[in-house]
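Spelled out from the first residue to the last, the chains are:
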Amino acid sequence: QVTCVAPHEDAVALGTSSGCLWLLDGLEGSASGGVRIRAHSGPVAAVSWDGAGLFVASCAEDGTCGVHGRKAATAATDADEWESVDVQHFAVPMRCVGVDPLYASRRDRVFYCGGAGGEVRRVCRGWLGGGTQKVVDDCGSAVRALIWRGPWLAWAADDGVKTMHGATGSPAAHVKPPEGADPALRG
């Protein structure tokens, strides 16, 4: 069963309840059956592409977040042509992930993720393989959505919507829910 979807210019990534990622060629008339990657042991909650379509990040209910990348910039129509480049394990179910739109071309490769514990984390992996994790926000409630477009990152939780500059980590705005808003309507 499909649990989430993320389109890119010429492809679509699907997450499934069995923890698999399906990367489908979005071109009409394509003979490819898609690429199946066993990424997680629990249902995939969210998927995010980098701008070049060379890397795809995903997170799951099993508390894992990971990034898979093409071994070469050419069309990758087989699972062997993709590799896991970063996998992180967390103690809580992860609900959303956003990969740097410039992930493929940056020296430090970054993605952000959020989950049931209410923390938004910045995960950075350097060229030499070392990595860091940093909590950039503790919302106090589950992070429900997160997206990274251009230089801006935004996420939503019960305390509202927050934005920040993705590369520098500089906070930009916090939009609180309207006074008296029904918490049941937040999702």
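Given the structure is predicted, the values throughout are model-derived calculations rather than measurements. Here, residues in each chain are numbered from 1, in the same order as that chain's written sequence. The model is predicted, so local features are restricted to residues of pLDDT at least 70 and side-chain atom pairs to those at 80 or more, both for listing and for counting; the totals for chains, interfaces and linings are taken over all residues. Calculated side-chain values reflect all of the structure's heavy atoms, with hydrogen atoms and water omitted.

Describing the overall build of the protein chain
Item 1. Of the regular secondary structure elements, the protein chain holds zero helices and 16 strands.
Item 2. For the exposure calls, accessible area comes from a 1.4 Å probe over protein chains only, and a residue counts as buried if that area is under 20% of its type's maximum, exposed if over 50%, partly exposed in between. In the protein chain, which comprises 187 residues, the proportion classed as buried is 40%.
Item 3. Taking contacts inside the protein chain between residues at least 6 apart in sequence as the whole, the part at least 24 apart equals 37%.
Item 4. Of the roughly 9500 Å² that the protein chain leaves accessible, carbon and sulfur atoms contribute 53%. Note on conventions: DSSP H or I runs of at least 4 residues are helices, E runs of at least 2 residues are strands, and numbering of each starts at the N terminus. When checking whether two residues touch, look at their non-hydrogen atoms; a contact exists if any pair is within 4.5 Å. Accessible surface is estimated by sampling points in the Shrake-Rupley manner with a 1.4 Å probe; for residues, cover comes only from the protein chains shown.

Things to note about the packing of aromatic side chains
Item 1. Pairing of aromatic rings covers Phe, Tyr and Trp, the last through its six-membered ring, and needs centres within 6.5 Å; plane angles under 30 degrees mean stacked, over 60 mean edge-to-face, and all others mean tilted. Counted under the stated rule, the structure contains three aromatic pairs.
Item 2. Relative to Trp 82, the ring of Trp 49 has its centre 6.5 Å away and its plane inclined at 65°; by these criteria the two rings are edge-to-face. Of this pair, Trp 49 sits in strand 5 (residues 44–49) while Trp 82 sits in strand 8 (residues 82–89), and the two are 33 residues apart along the sequence. Each member of the pair, Trp 49 as well as Trp 82, carries the same accessibility label: buried.

Brief notes about the sheet that holds strand 10 (residues 109–115)
Working definition: the strands of a sheet are paired by backbone hydrogen bonds and lie parallel or antiparallel to each other.
Item 1. Between any two strands, pairing holds if DSSP finds at least two bridges. Strand order in the open sheet formed by four strands is 9-10-11-12, and the pairing between neighbours is antiparallel. Since the sheet does not close on itself, it has two edges, and those belong to strand 9 (94–99) and strand 12 (131–138), each with one partner. Adjacent strand axes in the sheet meet at a mean angle of 20°, parallel and antiparallel pairs treated alike.
Item 2. As paired elements, strand 11 (residues 119–125) and strand 12 share seven bridges and run antiparallel to each other. Directly across from Val 120, in strand 12, lies its bridge partner Asp 137. Convention adopted: a line fitted to C-alpha atoms gives each axis, helices being fitted over their contacting stretch, and angles between N-to-C directions are expressed from 0 to 180 degrees.

Overview of the environment of Thr 168
Item 1. Assignment of secondary structure puts Thr 168 in the loop between strand 15 (160–165) and strand 16 (171–175).
Item 2. Sequence separation between Thr 168 and Trp 152 is 16 residues; the distance between their C-alpha atoms is 9.9 Å.
Item 3. Engagement of the side chain of Thr 168 in a polar contact is seen with the side chain of His 165, the distance being 3.3 Å.
Item 4. There is a polar contact of 3.1 Å between the side chain of Thr 168 and the side chain of Ser 170. Polar contacts, as used here, are pairs of N or O atoms within 3.5 Å; protein pairs need one atom able to donate a hydrogen and one able to accept it. Residues neighboring in sequence count only if both atoms are side-chain atoms.

Structural notes on the sheet that holds strand 7 (residues 64–70)
Item 1. Reading across from one edge, 5-6-7-8 is the order of the four strands in this open sheet, with antiparallel pairing throughout. On the outer flanks of this sheet lie strand 5 and strand 8, each paired with one strand and no other. Neighbour-to-neighbour, the strand axes of the sheet open up by a mean angle of 20°, direction not taken into account.
Item 2. Sheet topology places strand 7 next to strand 8; seven bridges connect them, and they run antiparallel. If you follow Arg 70 over to strand 8, its bridge partner there is Trp 82.

Let's talk about the confidence of the model for the protein chain
Item 1. A score from 0 to 100, pLDDT tells how confident the predictor is in each residue. Per-residue confidence for the protein chain averages 88 on the pLDDT scale, and 88% of its residues sit at or above 70.
Item 2. Ranking the elements of the protein chain by mean pLDDT puts strand 8 last with 89 and strand 5 first with 98.

Remarks on the environment of Ala 167
Item 1. Locating Ala 167 in the fold gives a position in the loop between strand 15 and strand 16.
Item 2. For Ala 167, a relative accessible area of 42% puts it in the partly exposed group.
Item 3. Apart from residues lying up to four places away in sequence, Ala 167 is in contact with Arg 106, Arg 122, Trp 148 and Pro 151.

A look at the pattern of salt bridges
Item 1. One speaks of a salt bridge when a side-chain nitrogen belonging to Lys or Arg is within 4 Å of a carboxyl oxygen belonging to Asp or Glu. Tallying each qualifying case throughout the model produces six salt bridges.
Item 2. For Asp 100, the salt bridge goes to Arg 106, with nearest N and O atoms at 2.6 Å.
Item 3. Through salt bridges with shared partners, one network takes in Asp 137, Asp 159 and Lys 162.

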